[in-house]
Amino acid sequence: MTQISINPVTRIEGHAQVLIDLDSTGNVQKAHFKVVELRGFEKFLVGAAVEEAPRITPRICGICPTSHHVASAMALDQIYGVEPPPTGKALRELLMLGQYIHSHALHFFMLAAPDYLIGHEASRGERNVLGLVKVNPDLAKKAIEVRKTGQRITEAVGGKPIHPATAVPGGMSHHLDDAHKSALYDMVKGSLAIARDGWAIARELMEKTDITFATITTGFMGLSNQGTFSFQDGSVQVIGADRTAIGSFRGTEYLNYIEEYSEAWSYLKFCRRIGGEYYRVGPLARLNLVNRMGTPSADEALKEYRAKFGEFVQSTLAYNIARYIEFLWACERALQLLGDPIVTGDKTRIAVDTVKNRRGVGIIEAPRGTLIHDYTVSEGGIIEKCNLIVATCQNNYAIDRGVEQIARGVVANGTLTESGTNRIEMAIRAYDPCLSCATHALGQMPLRIQINQNLEECRR
Ligand code: MG
Ligand code: NI
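Model, not experiment: these values are computed from the prediction.

Draft legend 1. Region of the structure containing the overall build of the protein chain. Helices and strands together make up the secondary structure of the protein chain, namely 14 helices and 14 strands. Here the protein chain has a C-alpha radius of gyration of 22 Å; the compact-globule value for 460 residues is 23 Å, and the two agree. Along the longest, intermediate and shortest principal axes, the C-alpha atoms of the protein chain span 70 × 50 × 40 Å. Long-range pairs, those at least 24 residues apart, make up 74% of the contacts in the protein chain with a sequence separation of at least 6. Element-wise, carbon and sulfur atoms account for 50% of the exposed surface of the protein chain, whose accessible area totals about 17100 Å². Taken together, the 50 basic and 50 acidic charged side chains of the protein chain have centroids lying 1 Å from each other.

The structure is reproduced here in structure tokens:
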């Protein structure tokens with residue numbers, strides 16, 4: 001048996017392996033996306049006081065801490081039977097916008113763009129963010145500036161630059177003062193100008209996008225607020241692969257629509273619709289579900305996106321462009337919100353008292369897709385049961401199938417070239433998978449691509 005390991009592989013969030021099994025003629029028999037990290041937080045949380053959950057769950061991940069923090073606080077609102085006041089809600093939204101700006105800019109400019117701007121045929125040594133600094137120093141500088149804006153929002157609204165701590169049951173613990181608000185306003189204004197200019201680059205990538213690359217036909221799921229893009233209001237829409245509406249839900253009803261399941265070879269769970277159909281979440285799904293973004297530049301960009309890809313998009317690489325449109329939207333929406341006196345209001349929280357409901361489900365659209373925190377607690381507020389469903393588990397099947405499809409095309413006579421490796425990575429990278437979130441990771445292991453040759457002979 002021949003094994004080829006490619007190590008380390010860059011530009012995804014976390015660590016995984018690709019396993020390619022070859023038949024005796026050196027052709028791909030099957031390929032899988034395998035995640036080898038340990039799961040944990042669903043179990044760690046049992047026995048914890050539920051009010052601690054918004055401070056514990058951001059530790060799942062250094063990339064998506066805000067999404068866990070806010071989804072957790074939303075579940076707690078239900079457990080304590082409170083609705084945050086308008087300022088508390090607006091501050092949570094602003095905090096999430098900081099996460100969108102930071103996360104989407106990081107992915108688009110630093111993880112995805114090198115494949116297009118430097119080219120996926122270029123060597124690994126050049127095809128990275130430092131290569132980007134060389135070919136387009138101005139763009140690299142702007143990308144760093146935009147990320148900083150996201151981080152400053154997290155710091156000013158969330159209390160800390162990485163793991164926010166201010167979302168509490170009933171709202172937010174900290175008030176935003178005028179000085180911080182003005183500073184953020186100026187920064188976001190600068191980032192919006194960059195995002196608007198950057199659409200020219202995203203458009204160029206869109207024109208170059210191979211719509212047949214790693215294409216898979218699935219249904220989709222995501223929040224929509226009566227047809228307008230939203231990450232916290234409205235209800236979760238489920239649509240089939242043929243675009244028929246399957247239904248919509250809030251809260252605990254998610255169990256009527258989706259189920260998790262495991263495969264023996266991966267720690268990363270899979271999700272499917274009850275009834276068996278696969279679905280995807282994240283930017284591609286969300287844009288398939290809405291009629292409008294709700295901000296001017298993002299709506300213009302959405303029109304161009306639909307002119308290229310159509311109204312209902314299955315093309316995997318379109319994720320990268322959909323993500324850019326959401327980034328543009330997040331900058332516009334953050335500026336709107338920072339221009340509204342509501343964000344500096346004094347009443348950020350409703351005080352909470354005792355447990356009113358033994359179960360709470362927080363559902364939010366994280367940058368990577370629908371995120372569900374489902375807690376069941378004792379009368380005294382101790383967590384008895386916890387279920388987390390993250391975006392990457394929901395996209396796991398599509399990633400896995402995309403990997404196999406690309407592997408079949410790029411593996412010849414049992415060998416995989418560097419450009420072939422990168423094509424496999426691009427099929428994974430389009431989803432911006434967060435493997436720390438998906439496995440509640442401990443430890444570090446880079447992505448490896450392993451080719452197993454003559455498997456039947458080995459088994460004999
Ligand atoms: Mg789970
Ligand atoms: Ni994450």
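Draft legend 2. Quick look at the packing of aromatic side chains. This structure, assessed with the given rule, holds 17 aromatic pairs. Between Phe 108 and Phe 109, the aromatic rings sit 5.3 Å apart at their centres with planes inclined by 85°, giving edge-to-face as the arrangement. Taken individually, Phe 108 and Phe 109 each receive the classification buried, so the pair is uniform in this respect. Members of the aromatic cluster, joined through ring pairs, are Phe 108, Phe 109, Trp 199, Tyr 324 and Phe 327. Lying across the ring of Tyr 261, Arg 272 places its NZ or CZ 3.9 Å from the centre.

Draft legend 3. Structural detail: the packing of helix α7 (residues 178-208) against helix α10 (residues 318-338). Axis separation between α7 and α10 bottoms out at 9 Å; the angle between their running directions is 155°. Relative to α10, α7 is oriented roughly antiparallel. For the pair α7 and α10, the sense of crossing is left-handed. When grouped by side-chain class, the residues that make up the contact of α7 with α10 number 19 nonpolar, two polar and four charged.

Draft legend 4. Representation of the sheet that holds strand β10 (residues 279-280) in the model. Strands sit in the order β7-β6-β5-β10 across an open sheet of four strands; the sheet is mixed. On the outer flanks of this sheet lie β7 (245-249) and β10, each paired with one strand and no other.

Draft legend 5. How the structure looks around the side chain of His 69. Checked against the element boundaries, His 69 lands in helix α3 (residues 65-80). A distance of 3.5 Å separates the side chain of His 69 from the backbone oxygen of Pro 164, its partner in a polar contact.

Draft legend 6. Geometry of the nonpolar core. Counting residues in each nonpolar core, the largest one holds 141 residues, and the members touching the most others are Ile 20, Tyr 305 and Ile 424. Tyr 305 has contacts with Met 206, Leu 284, Leu 287, Gly 310, Val 313, Ala 318, Ile 321, Ala 322 and Ile 325, leaving out every residue within four places of it along the chain.

Draft legend 7. The layout of surface pockets, seen in detail. One number sums up the size of the largest pocket: a volume of about 260 Å³. Looking at the largest pocket, it is lined by 15 residues, and the ones nearest its centre are Met 74, Asp 77, Glu 83, Pro 84 and Arg 250. Elements represented by at least two residues in the lining of the largest pocket include exactly α3, α4 (86-119) and β11 (359-366). For the lining of the largest pocket, the class distribution of residues is five nonpolar, four polar and six charged. Its boundaries defined by the atoms lining it, the second largest pocket holds a volume of some 180 Å³. Sort the elements by how many residues they give to the lining of the second largest pocket and α10 lands first, with three residues. Class assignment of the residues belonging to the lining of the second largest pocket gives a composition of four nonpolar, seven polar and three charged.

Draft legend 8. Spotlight on the sheet that holds strand β13 (residues 383-389). Strand order in the open sheet made by the three strands is β11-β12-β13, with antiparallel pairing throughout. At either margin of the open sheet sits one strand with a lone partner, and together these are β11 and β13. Across the sheet, the mean angle from the axis of one strand to that of its neighbour is 10°, orientation sign disregarded. Summarising the sheet, β11 and strand β12 (residues 369-377) pair through eight bridges and their orientation is antiparallel.

Draft legend 9. Layout of the state of the cysteines. Using the criterion set out here, one finds zero disulfides in the structure. Lacking any disulfide linkage, Cys 386 is separated from the closest cysteine sulfur, that of Cys 393, by 13 Å.

What counts and what doesn't
- Residues numbered from 1 in each chain as written.
- Chains lettered and ligands numbered in written order.
- Predicted model: local features only at pLDDT ≥ 70, side-chain atom pairs only at ≥ 80, totals over all residues.
- Heavy atoms only, no water.
- Helix = DSSP H or I, 4+ residues; strand = E, 2+ residues; numbered from the N terminus.
- Rg over C-alpha atoms; globule rule 2.2 N^0.38 Å.
- Contact = heavy atoms within 4.5 Å.
- Areas by Shrake-Rupley, 256 points an atom, 1.4 Å probe, with all protein chains shown as cover.
- Lys, Arg positive; Asp, Glu negative; His and termini not counted.
- Charge placed at Lys NZ, Arg CZ, Asp CG, Glu CD.
- Phe/Tyr/Trp six-rings, centres within 6.5 Å; stacked < 30°, edge-to-face > 60°.
- Buried < 20%, exposed > 50% of the residue type's maximum accessible area, 1.4 Å probe, protein only.
- Lys NZ or Arg CZ within 6 Å of the ring centre and 35° of its normal.
- Axes fitted to C-alpha atoms, helices over the stretch in contact; angles between N-to-C directions.
- Parallel < 35°, antiparallel > 145°, perpendicular 65-115°, else oblique.
- Left-handed = near helix turned anticlockwise from the far one by under 90°.
- Nonpolar A, V, L, I, M, F, W, Y, C, P; charged D, E, K, R; others polar.
- Pairing = 2+ DSSP bridges.
- Polar contact = N/O pair within 3.5 Å; in protein donor to acceptor, adjacent residues only side chain to side chain.
- Core = buried A, V, L, I, M, F, W, Y, C linked by side-chain atoms within 4.5 Å.
- 1 Å grid on protein atoms, 1.4 Å probe; cavity = no way out; pocket = protein on both sides within 12 Å on 5 of 7 lines; lining within 4 Å.
- Points joined across faces, edges and corners; volume = space filled by probe spheres on them.
- Disulfide = S-S within 2.5 Å.

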